[in-house]
Each structure stands twice: as structure tokens, then as C-alpha cells.
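Take a look at the letters that make up each chain.
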2 protein chains.
Amino acid sequence: MNNFSFYNPTKIIFGKGEIAKLDRLIPKTAKILLIYGSGSIKKNGVYEQVKSALGKRKVTEFAGVEPNPFYETCLDALTIIKQKKIDFLLPVGGGSVIDATKFIAAAALYEGKDSWDILEKQVEIKDAMPFGTVLTLPATGSEMNKGAVITKSETKEKLAFHSDKCFPVFSILDPETTYSLPKRQVTNGIVDTFVHVIEQYCTYSVRNQLSDRFAESILITLLEEGSKVGKNPTDYDIKANLMWAATMALNGLIACGQPQDWATHSIGHELTAFYDLDHGVTLSIVLPGVLRIMKKDKLDKLAQLATRVWGYTEGSRAERADKAILAIERFFRTVGAPTHLSDVNLDASCIDPIIERFEQRGWKLGEKGNITPNKVREILMNRL
Amino acid sequence: MNNFSFYNPTKIIFGKGEIAKLDRLIPKTAKILLIYGSGSIKKNGVYEQVKSALGKRKVTEFAGVEPNPFYETCLDALTIIKQKKIDFLLPVGGGSVIDATKFIAAAALYEGKDSWDILEKQVEIKDAMPFGTVLTLPATGSEMNKGAVITKSETKEKLAFHSDKCFPVFSILDPETTYSLPKRQVTNGIVDTFVHVIEQYCTYSVRNQLSDRFAESILITLLEEGSKVGKNPTDYDIKANLMWAATMALNGLIACGQPQDWATHSIGHELTAFYDLDHGVTLSIVLPGVLRIMKKDKLDKLAQLATRVWGYTEGSRAERADKAILAIERFFRTVGAPTHLSDVNLDASCIDPIIERFEQRGWKLGEKGNITPNKVREILMNRL
């Protein structure tokens, strides 16, 4: 097992009706910026629950955070924070709204000239505004981690940052808020969660039995509940299990002591940046390619995955590895996720700009840093 | 799934050589009380590592915390804290040393007259001294939770308290520090961890798939690694897995959304208080009795346990439940833990004082609050 550190101070409040607890969680005197996206929270009753819980507190609203949130949008929020002397941020929505909030929280107290440096130069964040979240779309795990991904609309760059100062103070997870999600977002959430787990699991073995088993637990939960949710979108326990699985998949827990990959995410981010694909869609397309092209490096884990998650006990490690990859593709299709570039009307011509960017940055991806730009090309060619 | 909240701000630093990081974790100007037990840390090199990492900081030592730590011992530490103006506590040891420290941390800032009220009257703890831990005996999970159990030597009362103010700021877990543990303590640690999981798992189903699977992950890890550790006491990965399993078993994670039992611990505490048995020893004796006598209430979970952890797929739920209980007893004996009162030279006469105490307190135990004093008698009679 590798050495590791684990730290996660976010308080989780989970369950039906728990949005009402906002009243206990936020100071009575707080000047709140309520941050949300396209306004679906006004249709499903979440907005009303939040406003009712906040009572007489001063609330300014900042709506319109887009999926894959723009840096430029975050800058608009900063102006309002100054004008209104906001001292607490309350994102209500999914990973995009929460990610935007994390950047806003850090940028609001950033003393440098250009807050883009937080992303591009990865400057250290010394402080950030406090914020708590109300999650309505389980997928990214942002509600219980310290990372965020922001896109510069101008240059189509999608970059991540992480800071211990950017953990939510609290996150409220009420599975009932996810009843009204469109199928596309439920599918994206399941795929995102699944791929988060695979990125932290499907590398090489370091005899880390417990983290392995925790990861497999999340995968099995996704397979079991994910295959039922389509026909049961208002089954509380199915939604609750999917919501908690998404949080657990990227809060640091299953990363403890493990090597990590993240190649699928890095490649997927470029597909989103260039071709405006949903994050989840990029992942279900790219992952099978990464696993297939890097199969040799991941053989033990792929075989273990096949045995423990799908019960394939027959055949060589290589045969079981192949079965695991096929099973993943099959699962993605079962939940309605695309697995090829052609499914989203892209062809081989989409690849060059992505390779060029990886070459410019000099990035080598994967748990062994051996996924060169040429390997990325091979991976994407596998997904035509 | 039940509603729940989860909060755990303890920073974990895990791995070989990590004790050296104390230098980064504790302020240079701290006035430290180094708290430990019988002095085994002076024989296995841990004391030297700690002292070396602390460098020139002012360190006062408080040795001699006993297993099942005494309230009276904690009071002695309070005197030293005042005398020496201590501002940081550093327990180095197992759960007893850490539990004692939690009580000392709370009692040092307690404004009431009698700090025993923290345990007996469960008064709210408004503040506590900061402390970080160096764990050397994986078992209780105290290194990453907010609870402690303290015994009043005078009256043989063993009571627990919990407070959000009593999370360790950090805990350093170096599996190499556990190489020199005597077999008895390794066994006690495995049993304690195992029973922590069962108390939070083996109740009734609330369709909480992920918490169930996480719990089963810890149990499987204990079975696999626990059966190997006897012959491989210095195998790093075995020790690392057992150490991390112990922490994960009682840090709030697997309790999320689950009903909980804790009858085995409550009964075990009385066995320790009256007859001075090791905590782990009381658990391996009592647990099979609780499961057998309360089998009807726990049927679904016992059957699930049998199937998922031991692979028993044949037979009725009742038959699989019986197999699970037998498998647990067999595992306890494999690691060298006693499973009957006669194994520790106790007979039926040991039962009355315990029943009397439960009757006095009016406690009803278990996830349904239906384990009356009479049921406790039945459970203990099953363990003769």
C-alpha cells in the first residue's frame, strides 16, 4: 500500500427533508449569494425549500452558471460579491454550480492580479470564502471534495484546481431533489461516478485490499441501482444509493494508498472543450479506449474487476480483462450512454486538435505517466 | 436508507516513516504533553521517532495510562496541564491512550465542578484542547472519531462520551509501529474491528447498499489479512490493511444511513468493568450470543453476511444465518480469541451483577431497543 494522507472536513447532511436544516447551518446574519444554473430548481420545488429555510437572511441571487462553468461567468459573480458585501456562498445545483462556487470562493480572496493564475499557474490558495452546498445532481463528487474544473470560454481551455481551503463547509444531499432530473443527466451522473472509481482503481495492484474493495462496492452499487433507476426515477432508496455513491467516488476515500490514472478525464476534458460534449458523454466514450490500449499495464486490476464485480471466474487474466472492458461498455449502453465518437457525430478529424494540445503542454498521462500524445491518438482512434 | 449526517475533520497521515511529519503538524511553539501507556513505545523505537520529530519543542511526559483508562489517571494529567501550561496533547499508543487524551482534552476546558459529569450526565462539551495522535495499536478507531470510553476505578463504571470537539486534529498511522505488538493485542484489535463493523451492519435492512458493501469490505479484509498476520507479523501490507480497516470500521463511514446495535459493546463493557477482561476478549465472547439470541431480528443481514462474506449461497435464510454465526466463531478462534466465558474462567455466577446494573440504569439495548436485562441474561447464558 502506498503512503497517503486523507483529510475531508465537509459536513454531510443526507436525506429527505434535510434542506430545512440550512437554517441551523448558516449564520443568521450571513449575506448570502445563492448561486444556481439554468433555473431547474425553480421548477422542482428546491428553490422554494431553500428560500423558506433561509428565512429573513439577506439573499442575492446569481443564476445562469452553465454546465462546464465558464471562468468569465465566475468573474461576473465576483463583481456582485463586492457590490453586495456577500460573506457566504450557497450553490444549489450539480457539480458545475459547485465547481464555479469553489473558484469564486478562492478568486474573491485572491490577492494576485489575474485569478486565471489559480488554474493556469496553479498558484497556492491562501484563503477562500466559506460556502455550503445543496446538491441536486449526483455525479462529480464536488459536494465533498476540494477540486473544481473551470473552462475559459475565450480559449476553450478546461483546467482543474484543488485546495484545502475549497472544501464545502457543509453539503445537503436530499435524494428527492433528484427525482425530476432528465434521463440524460441521470446517465451522465452514473457514468461520471463509475469513471471516477475506475480512474482510482484500475491501475496496478499495491496490495491495498480495503481501498480495492471499497471501490468495487461503489461499482456494484452503480451496476445494481443504475440498471433499475430508468424505470424507477422516484424510488427513494435507488436515488439515495446513487447519490451517496457519487459522493463517495470522489471524496478522497477510495484514493487512499492507491496509484491513480485520470487519463480518461484529461482526454475527456479536451473533447468537452473543443466539441462541447457533456462531461459524462466524453467519459463513456474514452474509458473503454484507455482500458483497451493500456490493458497490459492494468491487467491484474482488470481481471480482478471482472471476477469481483461481474463474477467472471473462468479464463486467463487477459481473457477476464477483455470481459471486464466489454461489460463496462455494455453497462454504459444499458444506461443510455454513448461509447463511440460516431455516436456523437464526431469522426477522426476531431482528434488532431486534441493531440496538438497535449503535445504543447508536454503532458504524459496515466498512473505510470506513459500515455504520450501518440497513445492518446491510439485511444481515440479506438473510439471512432 | 435512513437520514444521516457525517462529519469527520481528522487529518490522517498514513504510511511508513510518517512520524517524522509531526514536525510539520504541531506548532513550533507548542507546549506538549506526550501521553503514553506502559512504555512499550520506548522498546520499539516509536518514542525515539516521536522525540526526534518534535525537535526542540517543550515536551512534558505523562506515562502510565492503563488499558481501559481510569478517570482517576486522567485527573492526574489535568494537574500537570495546569502546572506546565500545556497547550497541545500528543497521545502515542492505542485506543486507551487516545481515549484518555480525549477526556483530558475536554475536561481541561470544562467549566463545571465535576468532570465526571461529562460521562455520567453527558453534559455538552463546549471546547476541548487540541490534540493529534500517533497510533500504535489498530483496534478502537479512536484515532479518527470523536468518542472515548473511560472507567471510574472507584465504582467500576465504564462509560462513553462523544463530542465534535474531540476529533483528533491529526492522526499518524505507521503500520511499522505495529510489528512488535504481542499476538494478544493483534487478536484483540482484529476482534474489536470486526465487532465494530457487525454492530453497524448486522441489524435490519434499510436498502442501504453502499454502506452494507463498505461494511462487508472491511469484514473480508479482516478475514483475509487477519488469518495471515499470525505467521507474518512484519508483512507491511498485511499490517497496513489491518490498520486502515480498524480506522474505517469506526470513523462514522459505515454508520451512514444504517440502524445500529451496540449491544455487544454495552454488555462487554460490563464484563471488563467487573472482571477486568480485555475489551476485545469480551466482544468475541458476547457477539455470538447476541447474534444467536437476536437472530430473528437480524435474519436478513445475517443471511446476506453469510452469502457475501463467506460465499454461502445454499439453504434458507435461517440456515445461512446459522452458518454466518458459526463462521464468525470459527474466525475468532482462528485468530486466538476466546468465544465462551469458560475460556476466561468465568461461570454463570458472573452474570447477576451485570443484569443488576442494566436493570438499575433501565437500559434496553440493540437496534430496536428490545434487548431487556432478561435478554442480556439469555445472551450471557448462551456463552457459558
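Structure first, text after, so check above.
Caption draft 1: Spatial organisation of the interface of chain B and chain A. Chain B puts 32 residues into the contact, and the matching count from chain A is 32 residues. At the level of secondary structure, the elements contributing two or more residues to the side of chain B that touches chain A comprise strand 1 (4–6), strand 2 (11–14), helix 7 (209–229) and helix 8 (236–249) of chain B. Looking at the side of chain B that touches chain A element by element, the count peaks at 10 residues for helix 7 of chain B. For the side of chain B that touches chain A, the per-class residue count stands at 16 nonpolar, eight polar and eight charged. As judged from the three bridges shared by strand 2 (residues 11–14) of chain A and strand 1 of chain B, these two strands associate in the antiparallel manner. Bridge pairing in strand 1 of chain B links I13 of chain A to S5 of chain B.

Caption draft 2: Just the sheet that holds strand 5 (residues 88–93) of chain A, in detail. Within the open sheet, the seven strands sit side by side as 4(A)-3(A)-5(A)-6(A)-9(A)-2(A)-1(B). Their pairing is mixed. The sheet terminates laterally at strand 4 (58–62) of chain A together with strand 1 of chain B, the two strands that pair on one side only. This sheet shows a mean twist of 15° between the axes of neighbouring strands, independent of strand direction. Of the strands in this sheet, strand 3 (31–35) and strand 4 of chain A are in contact with helix 3 (residues 71–84) of chain A, which crosses strand 3 of chain A at around 160°.

Caption draft 3: Inspection of the relation of the copies chain B and chain A at higher detail. With an RMSD of 0.0 Å, the operation that places chain B on chain A is a rotation of 180° combined with a shift of 0.0 Å along the axis. Classification of the inter-copy transformation places it as that of a two-fold axis. When each C-alpha of chain B is compared by its distance to the rotation axis, P9 of chain B comes out closest, at 2.0 Å.

Caption draft 4: Structural view of the nonpolar core. Counting 248 residues, the largest nonpolar core has L33, I35 and I218 of chain A together with L33, I35 and I218 of chain B as the members making the most contacts within it. Residue contacts for I218 of chain B: discarding those within four places in its chain leaves L210 of chain A together with V197, A245, M248, A249 and I254 of chain B.

Caption draft 5: Region of the structure containing the sheet that holds strand 1 (residues 4–6) of chain A. With respect to topology, seven strands assemble into an open sheet ordered 1(A)-2(B)-9(B)-6(B)-5(B)-3(B)-4(B), the strand pairing being mixed. Bordering the open sheet on either side are strand 1 of chain A together with strand 4 (58–62) of chain B, each of which pairs with just one other strand. The mean angle between the axes of side-by-side strands here comes to 20°, regardless of whether they run parallel or antiparallel. Note that strand 6 (residues 133–135) of chain B and strand 9 (residues 170–173) of chain B share three bridges and pair parallel. Residue pairing across strands places L135 of chain B opposite L173 of chain B, the latter belonging to strand 9 of chain B. Helix 3 (residues 71–84) of chain B rests against strand 3 (31–35) and strand 4 of chain B of the sheet, and its axis sits at about 160° to strand 3 of chain B. Here helix 4 (residues 95–108) of chain B sits on the sheet in contact with strand 3, strand 5 (88–93) and strand 6 of chain B, set at roughly 165° to strand 5 of chain B.

Definitions and cut-offs
Residues numbered from 1 in each chain as written. Chains lettered and ligands numbered in written order. Predicted model: local features only at pLDDT ≥ 70, side-chain atom pairs only at ≥ 80, totals over all residues. Contact = placed C-beta atoms within 7 Å. Helix = DSSP H or I, 4+ residues; strand = E, 2+ residues; numbered from the N terminus. Nonpolar A, V, L, I, M, F, W, Y, C, P; charged D, E, K, R; others polar. Pairing = 2+ DSSP bridges. Axes fitted to C-alpha atoms, helices over the stretch in contact; angles between N-to-C directions. Least-squares fit on C-alpha atoms with pLDDT ≥ 70 in both. Core = buried A, V, L, I, M, F, W, Y, C linked by C-beta atoms within 7 Å. Buried ≥ 20, exposed ≤ 12 C-beta atoms within 10 Å, placed from the backbone.

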